[in-house]
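Structure assessment
If you want the building blocks of each chain, they are given just below.
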Amino acid sequence: SVSPLLKELLITSNHASGSGGGLYLLQTAAVLRGCSISENTASVGAGLYLSQSTPHLTNVDVNHNIASNMGGGMYFGAYSNAIITNTDLYNNQASSGGGLAIDDNSNPVFTGCSINYNSSGNGGAAFINFLSNPTFTNTLFYANTASISGGGMWMQQSSPILNDVVFAKNSALEFGGAMYIFLY
């Protein structure tokens, strides 16, 4: 894989009818530092779409992105195992996973992040699905909303690891204000 360094970029007001309105990372170990990814639109992964990638994101601001399907802020798919540090995801929207959607055997690691004020049908902040096992450490899920279930986090067939995580003032119209956990 390739490892481009993307430093202090502003990625804003872009559109893709498919995936990755702001960035689409395929089979890359890109490094993003001090970037802002905002006001992008796509069907999946409006801000950032990852497939078979292992990027490192530090001090990245992901906000006001809108996905018509999954992953308003970020989408992780097909074995994407990113390392995300001191990154804020806020005011993103999607049908599933307003802040982020983690799918298809993806195992990203989040440390010192804030995932706030995102909204979706399921998984206002995070939608975790299909054998994905992310790790969240010292991360805040605050004031995220779901019109159906999992205001803070929605998960199915997955085993995330949560260390020193705060869920506060998240809400769901039907099930699991903070978290919705479903086996199958």
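What comes next concerns the included structure.

Here is what the cut-offs are and how they apply
- Residues numbered from 1 in each chain as written.
- Predicted model: local features only at pLDDT ≥ 70, side-chain atom pairs only at ≥ 80, totals over all residues.
- Heavy atoms only, no water.
- Pairing = 2+ DSSP bridges.
- Helix = DSSP H or I, 4+ residues; strand = E, 2+ residues; numbered from the N terminus.
- Axes fitted to C-alpha atoms, helices over the stretch in contact; angles between N-to-C directions.
- Buried < 20%, exposed > 50% of the residue type's maximum accessible area, 1.4 Å probe, protein only.
- Contact = heavy atoms within 4.5 Å.

Let us look at the sheet that holds strand S11 (residues 74-77). Across the sheet, which stays open at both edges, the seven strands sit in the order S3-S7-S11-S14-S18-S22-S26 with parallel pairing between neighbours. The strands lining the two open edges of the sheet, one partner per strand, are strand S3 (23-26) and strand S26 (179-182). The sheet shows a mean angle of 5° between the axes of neighbouring strands, taken without regard to direction. Note: S11 against strand S14 (residues 100-102), three bridges, orientation parallel. Among the inter-strand pairings, Tyr75 is bridged to a residue of S14, identified as Ala101.

A few words on the environment of Leu131. Along the polypeptide, Leu131 turns up in the loop between strand S18 (126-129) and strand S19 (135-137). For Leu131, a relative accessible area of 44% gives the class partly exposed. Here the alpha-carbon distance between Leu131 and Ser159, two residues 28 residues apart in the chain, equals 7.4 Å. Leave out the neighbours within four places in its chain, and Leu131 touches Asn105, Ser106, Asn107, Gln157 and Ser158.

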